[in-house]
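Read off the chains here:
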Amino acid sequence: IAQALEQSATISSCPGTELELARALQRAAEMSPQRGDAARRYAQAASAANFGGDPGWAMALTDVPLREAQDADVAGFAALTRASTLLQYARPTEAVDTVRSVLDGRRPVDRHLELALLYAAAGAAYYSGELDHRRDLRRWLETLELPTAASRFSLPFPVGVASLQRAHIAMYGERAGAALLLETARRAR
């Protein structure tokens, strides 16, 4: 029943019906006998709720996948939605912490999703102004492989602009490198 509800909801969804999709996916998650399926459906419901304009609900829906998902990609997708929601609430440090919990833990295999997480962290680093957040960006960029295929999840940018996204992220990481050089030079005096 949960699978049929999920399929029916995703097939019949169209722009403007994100909140209905979120309700159906949440119900499918609640009915899921397998915790992995439930976590994936909760993550998808959270994304739909966020795009539908209910960030509070989206945040609540990310709890289960962030806590229970065995699939690193599902946890990463939930983290992306939570980080986006935290940015909407002007909580950039928590947004970076959410991304960090994924990228410094079980990193997603999905390269397109990983890039989206870094992009969200770059936005959070901009708003927080924290040098440590920008250092994290540099560190994560060192191991980033640009995606060659689109994600199985609905992401805000198409895979075709991956190099532009990486350049945007690198811009904030570069500033961290420049700040480190200035800091080292000041200490040497």
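Fair warning: this is a prediction, and the values are worked out from it, not measured in the lab.

*Asks:* For this particular structure, what's the right way to read the overall build of the protein?
*Replies:* The number of helices and strands found in the protein is ten helices and zero strands. Listing every helix and strand of the protein by position from the N terminus yields α-α-α-α-α-α-α-α-α-α. Taken across its 189 residues, the protein has 46% of its residues classed as buried. In the protein, of all internal contacts separated by at least 6 residues, the share reaching a separation of at least 24 is 65%. Surface accessibility of the protein: about 9700 Å² in total, with carbon and sulfur atoms responsible for 53%.

*Asks:* Hey, could you run me through the packing of helix H6 (residues 72–88) against helix H8 (residues 111–128) in this one?
*Replies:* The packing of two helices is summarised by the inter-axis angle and the distance between the axes. Their axes nearest at 10 Å, the elements H6 and H8 cross at an angle of 25 degrees. With respect to H8, the axis of H6 lies roughly parallel. Read as a crossing pair, H6 and H8 show a hand that is left-handed. Contact with H6, carried on its side by Asp73, Gly76, Phe77, Ala79, Leu80, Ala83 and Leu87, involves Leu113, Ala116, Leu117, Ala120, Gly123, Ala124 and Tyr127 of H8 and no other residues of that element. In the contact of H6 with H8, the residues fall into eleven nonpolar, two polar and one charged.

*Asks:* Mind showing me how you'd approach the pattern of salt bridges here?
*Replies:* Charged atoms that come close allow side chains of opposite charge to pair. Summed over all chains, the structure comprises 15 salt bridges. Its salt-bridge partner being Arg35, residue Glu68 comes within 2.9 Å of it at the nearest N-O pair. Linking Glu68 in helix H5 (residues 63–68) with Arg35 in helix H3 (residues 35–51), this pair joins segments that are 33 residues apart in sequence. Residue classification places Arg35 among the partly exposed residues on the basis of a relative accessible area of 42%. One salt bridge connects Arg40 with Asp37, and the closest N-O pair in it is separated by 3.5 Å. One end of the pair, Arg40, and the other, Asp37, are both in helix H3, three residues apart, so they sit about a helical turn from each other. Salt bridges linked by common partners bring Asp97, Arg100, Asp104, Asp136 and Arg139 together as one network.

*Asks:* In this structure, what is going on with the environment of Met31? I would like to understand it.
*Replies:* Looking at the element boundaries, Met31 is found in helix H2 (residues 18–31). Residues Met31 and Ala2, spaced 29 residues apart in sequence, show a C-alpha to C-alpha distance of 5.5 Å.

*Asks:* Sorry, what's going on with the side chain of Thr85 here?
*Replies:* Within the secondary structure, Thr85 is located in helix H6. Among the residues examined, Thr85 registers a relative accessible area of 0% and is labelled buried. For Thr85, the residues in contact, after removing those within four places along its chain, are Asn50, Pro55, Ala58 and Met59.

*Asks:* What should I look at first to understand unusual backbone geometry in this one?
*Replies:* Glycine aside, residues mostly have negative phi, and peptide bonds are mostly found in the trans state. In this model, Ala90 sits at a positive phi of 60 degrees, which is unusual for a non-glycine residue. Judged by relative accessible area, which is 62%, Ala90 ranks as exposed.

*Asks:* I'm lost on the environment of Pro108 in this one. Help?
*Replies:* Position of Pro108 among the secondary structure elements: in the loop between helix H7 (92–103) and H8. Pro108 gets classed as buried once you look at its relative accessible area, which sits at 1%. For the pair Pro108 and Gly76, spaced 32 residues apart in the sequence, the C-alpha separation amounts to 6.1 Å. With sequence-adjacent residues up to four places away left out, Pro108 is seen in contact with Ala72, Asp73, Gly76, Val102, Leu103, Leu113 and Leu117.

*Asks:* Any chance you could explain the packing of aromatic side chains here in plain terms?
*Replies:* Here a ring pair, both rings aromatic, is described through the centre-centre distance and the interplanar angle of the planes. Using the criterion set out here, one finds four aromatic pairs in the structure. Here the aromatic cluster, defined as three or more aromatic residues joined through ring pairs, consists of Tyr126, Tyr127 and Tyr172.

*Asks:* How should I be thinking about the nonpolar core in this particular structure?
*Replies:* Side chains of a nonpolar character, in soluble globular proteins, are inclined to be buried together. Judged by nonpolar contacts, the single largest core of 37 residues is most densely connected at Leu117 and Leu137. Elements supplying a minimum of two residues to this core: H3, H6, H7, H8, helix H9 (131–143) and helix H10 (162–188). Once residues within four sequence positions are removed from consideration, Leu137 is found in contact with Leu118, Ala121, Ala122, Ala125, Ile169, Tyr172 and Gly173. Membership of the second largest hydrophobic core comes to 14 residues, among which are Ala22, Ala38, Ala58 and Leu61.

Cut-offs applied
- Residues numbered from 1 in each chain as written.
- Predicted model: local features only at pLDDT ≥ 70, side-chain atom pairs only at ≥ 80, totals over all residues.
- Heavy atoms only, no water.
- Helix = DSSP H or I, 4+ residues; strand = E, 2+ residues; numbered from the N terminus.
- Buried < 20%, exposed > 50% of the residue type's maximum accessible area, 1.4 Å probe, protein only.
- Contact = heavy atoms within 4.5 Å.
- Areas by Shrake-Rupley, 256 points an atom, 1.4 Å probe, with all protein chains shown as cover.
- Axes fitted to C-alpha atoms, helices over the stretch in contact; angles between N-to-C directions.
- Parallel < 35°, antiparallel > 145°, perpendicular 65-115°, else oblique.
- Left-handed = near helix turned anticlockwise from the far one by under 90°.
- Nonpolar A, V, L, I, M, F, W, Y, C, P; charged D, E, K, R; others polar.
- Salt bridge = Lys/Arg side-chain N within 4 Å of Asp/Glu carboxyl O.
- Phe/Tyr/Trp six-rings, centres within 6.5 Å; stacked < 30°, edge-to-face > 60°.
- Core = buried A, V, L, I, M, F, W, Y, C linked by side-chain atoms within 4.5 Å.

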